[in-house]
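# Observations on chain architecture
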Amino acid sequence: MDKALKSVLEWWDAAGVDVPDVTLSAPKRKAKPRPTPTQSQAPQNPRPAPAAPKPAIDAAPIAAKAKTLAELKAAMDKFDAGALSDSARQCVFARGNPEADLMIIGEAPGRDEDIAGKPFVGRSGQLLDKMLASIGLTEDDFYITNVVNWRPPKNRNPKADEIEMCRPFLNRHIELAAPKVLLIVGGVSLSAMTELTGIMKQRGQWQTVTVAGKEIPALPIYHPAFLLRQPVLKKDAWRDLLALRIRLQA
Ligand code: URA
């Protein structure tokens, strides 16, 4: 793809604009035989975007069976996530303290996370850790995962059907961790967790996400990868972090 076009698309994408999926020019893989779609229940909140396609692979019964986070991780490690499992090294489950009040929801693992098997360990994760440290939070004070747990090829954004496939896992993950506050990191997570789009407008605006019947306050913030490219926006991020600190102390 043309370099200038790629950089414009990345910029829009980071800013939360719904970018057409033109980055997917990678050679097509031979598809493994996959289970056919089922009629299983739609998962509860985080709510699907209105036109979200039904996932071809149904994770709901597997997620529902997991009674602990350890069981959920074990089930996800074994799960065949279709094309994502073909390209990713492993399932990237979570890091941090599952007992923490704060649960952070990122987008999807990148290359570093795919290698390490832990979310947010690359450059943007280091910035996120620094941002959290600036309001006094260490890894003991938060628990962090992603909307999609397998690295999409070439670090592209997760597609709608991939988000839907992972949604039962995300819902169960949140239900089992039972955080008091959610931090929604980036535009992809925003639209996956709420019916909202446009992180530029929605950052810093508290939302309520309902998971398994429980309402959880949720704050959308800029993705640290976006802040690495747009450091001038760190002042907005700082404001959002202060709002988060106040909520956590309340
Ligand atoms: N970006 C994310 O959204 N999640 C990660 O785990 C890494 C980078």
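Residues numbered from 1 in each chain as written. Predicted model: local features only at pLDDT ≥ 70, side-chain atom pairs only at ≥ 80, totals over all residues. Heavy atoms only, no water.

This part takes up the pattern of salt bridges. Summed over all chains, the structure comprises 12 salt bridges. We note a salt bridge from D129 to R95, for which the minimum N-O separation is 2.9 Å. Of this pair, D129 sits in helix α6 (residues 123–133) while R95 sits in strand β1 (residues 95–96); the two residues are 34 residues apart in sequence, bridging distant segments of the chain. Accessibility expressed as a relative area gives 6% for R95, which makes it buried. Among the ionic pairs, R203 bridges to D240, the shortest N-O distance being 2.7 Å. With R203 in the loop between α9 (199–202) and β5 (207–211) and D240 in helix α11 (residues 234–249), the pair connects residues that are 37 residues apart, well separated along the chain. For the pair formed by R203 and D240, the shared burial category is buried. Each of R203, D236, R239 and D240 takes part in a single network of salt bridges with overlapping partners. (Salt bridge = Lys/Arg side-chain N within 4 Å of Asp/Glu carboxyl O. Helix = DSSP H or I, 4+ residues; strand = E, 2+ residues; numbered from the N terminus. Buried < 20%, exposed > 50% of the residue type's maximum accessible area, 1.4 Å probe, protein only.)

Moving on: the pairing of strand β3 (residues 142–146). Burial analysis of β3 places five of its five residues in the buried class, which makes it a mostly covered element. As paired elements, β1 and β3 share two bridges and run antiparallel to each other. Along β3, the bridge assignment pairs R95 with I144. Sheet analysis places strand β2 (residues 102–106) next to β3, joined by five bridges and oriented parallel. Directly across from M103, in β3, lies its bridge partner Y143. (Pairing = 2+ DSSP bridges.)

This next bit is on the packing of aromatic side chains. The tally for this structure, following the rule as stated, stands at four aromatic pairs. Aromatic pair F79 and W150: ring centres 5.8 Å apart, planes at 45 degrees, arrangement tilted. Here W150 lies in the loop between β3 and α7 (160–177) and F79 lies in the loop between α3 (69–78) and α4 (83–87), a separation of 71 residues in the sequence. Accessibility classification places F79 together with W150 in one group, the buried group. Here the guanidinium or amino end of R247 rests over the ring plane of W206, the centre of that ring lying 4.2 Å away. (Phe/Tyr/Trp six-rings, centres within 6.5 Å; stacked < 30°, edge-to-face > 60°. Lys NZ or Arg CZ within 6 Å of the ring centre and 35° of its normal.)

Another aspect to go through is the nonpolar core. Core analysis: the largest hydrophobic core is formed by 61 residues, its most contacted members being L102, I104, L132, W150, I174, L182 and L183. Per-element tally for this core: the top contributor is α7, with seven residues. (Core = buried A, V, L, I, M, F, W, Y, C linked by side-chain atoms within 4.5 Å.)

Next up on the list: the environment of D86. You can see D86 is positioned in helix α4. In this structure, the C-alpha to C-alpha distance between D86 and W150, residues 64 residues apart in sequence, is 9.7 Å.

If you check the shell around the ligand, you find G106, E107, A108, P109, E113, P119, F120, S124, N146 and H223 and nothing else. For the ligand, a nitrogen atom lies 3.1 Å from a polar atom in the backbone of A108. N146 has a polar side-chain atom sitting 2.8 Å from a nitrogen atom of the ligand. When isolated, the ligand has an accessible area of 240 Å², and the protein chains bury 93% of it. Split by residue class, the shell around the ligand holds four nonpolar, four polar and two charged. (Near = heavy atom within 4 Å. Polar contact = N/O pair within 3.5 Å; in protein donor to acceptor, adjacent residues only side chain to side chain. Areas by Shrake-Rupley, 256 points an atom, 1.4 Å probe, with all protein chains shown as cover. Nonpolar A, V, L, I, M, F, W, Y, C, P; charged D, E, K, R; others polar.)

So, about the packing of α3 against α7. The N-to-C vectors of α3 and α7 enclose an angle of 160 degrees; their axes lie 10 Å apart at closest approach. Relative to α7, the element α3 is oriented roughly antiparallel. For the element pair α3 and α7, the recorded crossing hand is left-handed. Between α3 and α7, the residues in contact are L69, L72 and M76 and F169, R172, H173, L176 and A177, respectively. When grouped by side-chain class, the residues that make up the contact of α3 with α7 number six nonpolar, one polar and one charged. (Axes fitted to C-alpha atoms, helices over the stretch in contact; angles between N-to-C directions. Parallel < 35°, antiparallel > 145°, perpendicular 65-115°, else oblique. Left-handed = near helix turned anticlockwise from the far one by under 90°. Contact = heavy atoms within 4.5 Å.)

Before going further, it helps to spend a moment on α3. For α3, the full list of buried residues reads L69, L72, A75 and M76. What you see down the axis of α3 is that its buried residues fit within an arc of 125 degrees, all on one side. In α3, the exposed positions angled more than 90 degrees off the buried face are occupied by A70 and K78. Taken together, the buried residues of α3 touch α2 (60–65), β3 and α7. (Arc of directions from axis to C-beta.)

Here we come to α7. Helix length check: α7 (18 residues) gives 24 Å between terminal C-alpha atoms against 26 Å at 1.5 Å per residue, within 8%. Where α7 bends most, the angle comes to about 45 degrees, and this point is C166, followed within four residues by the proline P168. The element α7 is largely enclosed, with a buried count of 14 among its 18 residues. Positive backbone phi, at 50 degrees, marks A178, one or two positions downstream of α7. (Expected span 1.5 Å × (residues − 1). Bend = angle between axes of the 7 residues up to and from the residue.)

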